[in-house]
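Descriptive structure summary
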Amino acid sequence: MDLKMSSLAERPDMHGLVVDMASSWPEFVTQDLVGDSHYGRIATELPQYVLFAEDERGEVVAHAYSVPFALAVEGRSELPARGWDAVLTWAFADLRRGVAPDTVSAIAITVAPHMQGRGLSARMLSAMRDNARAQGFREVVAPVRPSAKHLEPHTPIEEYARRVRPDGLPHDPWLRVHARAGATLHSVAPASMTVSGSLEQWRDWTGLPFDTEGDIEVPGALVPVRCEPERGYAVYVEPNVWMRHPL
């Protein structure tokens, strides 16, 4: 497939088409408060870290968001257990304070629903790595959301993340794409994203009744959602897997 790859810094006129591209993320995943506060800022404040692919007709069919941040500073040094939420917070705190970044973190790679299954995720990951290298970085890290973990919501993330095939590559398809690109598994981020809401909100997001106390399996969720009917809320704490890409 012939694709044209650009950044929003190079093509600011494409901002609307990029940010409005259709996706297949579950509704509840978009309700993370940290992501809601910071994700949209990437395209406007860090456009050089937003890459997108156009097909032959000029349609945006995939995009890749990343952020630069400082890892080798006091109080950090290790990839955070709060994964996605933490690295977004760090990146924009560094930007506000003028702290020089030393690492790039992947934030999301999204492929338009009608183009999924054609290897675009791997191509966007490669473009993200190339973009970071071109800007002088020596490493890309990624709080990876394992793409098939939702099929095993009760399997501990440590066990799932380290499961491999006979060829030594990860069992999970998206972890496997990262491994094939040269990444190694570093650690698990057990609380990478937190989504909390009222029972009514969870019903709207999922179409499920949310009227039973305990762990609720939700389509697309990597782990069960904890439901507390007597208290009127439910909470989802998503684990991710840190992968490190040397450049």
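Right above here is the structure, for reference.
All of the points below concern the structure found in this document. Here the residue index of a chain counts from 1 through its sequence in written order. The model is predicted, so local features are restricted to residues of pLDDT at least 70 and side-chain atom pairs to those at 80 or more, both for listing and for counting; the totals for chains, interfaces and linings are taken over all residues. The side-chain quantities take in all heavy atoms of the structure and omit both hydrogens and water.

Side note on the overall build of the chain
The number of helices and strands found in the chain is seven helices and nine strands. C-alpha atoms of the chain, sized along the principal axes, occupy 50 × 45 × 40 Å. Contacts: residue pairs with any heavy atoms within 4.5 Å of one another. Considering only residue pairs separated by 6 or more positions, the chain has 72% of its internal contacts joining residues 24 or more positions apart. Counted charges follow a simple rule, with Lys and Arg positive, Asp and Glu negative, and His plus the chain ends left uncounted. Lysine's charge is taken at NZ, arginine's at CZ, aspartate's at CG and glutamate's at CD. Between the averaged position of the 24 positive side-chain charges in the chain and that of its 33 negative side-chain charges there is a distance of 6 Å. Helix and strand definitions follow DSSP, with helices as H or I runs of at least four residues and strands as E runs of at least two, each counted in order from the N terminus.

Brief notes about the packing of aromatic side chains
Any two rings among Phe, Tyr and Trp, with Trp reduced to its six-membered ring, count as a pair given centres within 6.5 Å; such a pair is stacked if its planes are under 30 degrees apart, edge-to-face if over 60, and tilted if neither. For the structure on display, the rule yields six aromatic pairs. Aromatic side chains Phe69 and Trp90 sit 6.0 Å apart centroid to centroid with 40° between the ring planes, which places their arrangement in the tilted category. One end of the pair, Phe69, is in strand β3 (residues 60–69); the other, Trp90, is in helix α3 (residues 83–97), with 21 residues separating them in the sequence. According to the relative accessible area criterion, Phe69 is buried, its value standing at 0%. Taking relative accessible area as the criterion, Trp90 reaches 16% and is therefore assigned buried. Both rings, one in Trp202 and one in Trp205, keep their centres 5.0 Å apart while their planes meet at 70°; by these two values the pair is edge-to-face. Linking Trp202 with Trp205, this pair stays in helix α7 (residues 199–206), spanning three residues, or about one helical turn. Here Trp205 falls in the buried class, since its relative accessible area comes to 15%. Categorising residues by exposure relies on relative accessible area from a 1.4 Å probe, with only protein chains included: less than 20% of the type maximum marks a residue as buried, more than 50% marks it as exposed, and the intermediate range marks it as partly exposed.

A short note on the environment of Glu45
The topology assignment puts Glu45 in helix α2 (residues 33–45). It is 25 Å that separates the C-alpha atoms of Glu45 and Glu74, two residues lying 29 residues apart in sequence. Those residues within four positions of Glu45 in sequence are excluded, and the remaining contacts are Phe92 and Leu95.

Things to note about the environment of Phe69
The spatial distance from the C-alpha of Phe69 to the C-alpha of Pro239 is 21 Å, given a sequence separation of 170 residues. Phe69 has contacts with Arg76, Val87, Trp90, Ala91, Asp94, Pro101, Asp102, Thr103, Val104, Ser105 and Val141, leaving out every residue within four places of it along the chain.

Observations concerning the environment of Arg82
Locating Arg82 in the fold gives a position in the loop between β3 and α3. Judged by its relative accessible area of 44%, Arg82 falls in the partly exposed class. Linking Arg82 and Ser196, residues 114 residues apart in sequence, is a C-alpha distance of 15 Å. Apart from the residues lying within four places of it in its own chain, the contact partners of Arg82 are Val34, Ala191 and Ser192.

Examining the pattern of salt bridges
Salt bridges are defined by distance alone: a side-chain nitrogen of Lys or Arg within 4 Å of a carboxyl oxygen of Asp or Glu. Under the definition given, this model contains 16 salt bridges. Residue Glu238 is joined to Arg145 by a salt bridge in which the shortest nitrogen-to-oxygen separation is 3.0 Å. Taken as a pair, Glu238 in strand β9 (residues 233–246) and Arg145 in the loop between β5 (139–144) and α5 (157–161) lie far apart in primary sequence, 93 residues in all. Here the two residues Glu238 and Arg145 agree in accessibility, since each one is buried. Close ionic contact of Glu228 with Arg226 constitutes a salt bridge, the shortest N to O distance being 3.3 Å.

Focus: the pairing of strand β2 (residues 50–54)
In terms of burial, β2 is largely enclosed, as five of its five residues are buried. Along β2, one buried face is formed by Val50, Phe52 and Glu54 and the opposite face, lined by Leu51 and Ala53, is buried too. Strands are labelled as partners when DSSP assigns at least two bridges between them. Where strand β1 (residues 4–7) meets β2, four bridges bridge the pair, whose relative direction is antiparallel. Bridge pairing links Ser6 to Phe52 in β2. Taken together, the five bridges between β2 and β3 define a ladder with antiparallel strand orientation. The residue bridging Leu51 from the neighbouring strand is Ala64, located in β3.

Quick look at the side chain of Asp85
The residue Asp85 is located in helix α3 in this model. One buried charge, Asp85, has no salt-bridge partner; the nearest side chain with opposite charge is Arg82, at 4.2 Å. Leaving out residues up to four positions away in the same chain, Asp85 has contacts with Asp32, Val34, Gly35, Ser192, Met193 and Thr194.

Side note on the nonpolar core
Counting 50 residues, the largest nonpolar core has Ile42, Ile107, Trp202, Phe210 and Tyr236 as the members making the most contacts within it. Per-element tally for this core: the top contributor is α3, with six residues. Contact partners of Ile107, with chain neighbours within four places excluded, come to Tyr39, Ile42, Tyr65, Ser66, Val67, Trp84, Val87 and Leu88. Take the buried Ala, Val, Leu, Ile, Met, Phe, Trp, Tyr and Cys residues and link them wherever side-chain atoms come within 4.5 Å; each set so joined is a nonpolar core. Among the nonpolar cores identified, the runner-up in size contains 25 residues, and Leu125, Ala183, Val188 and Val241 belong to it.

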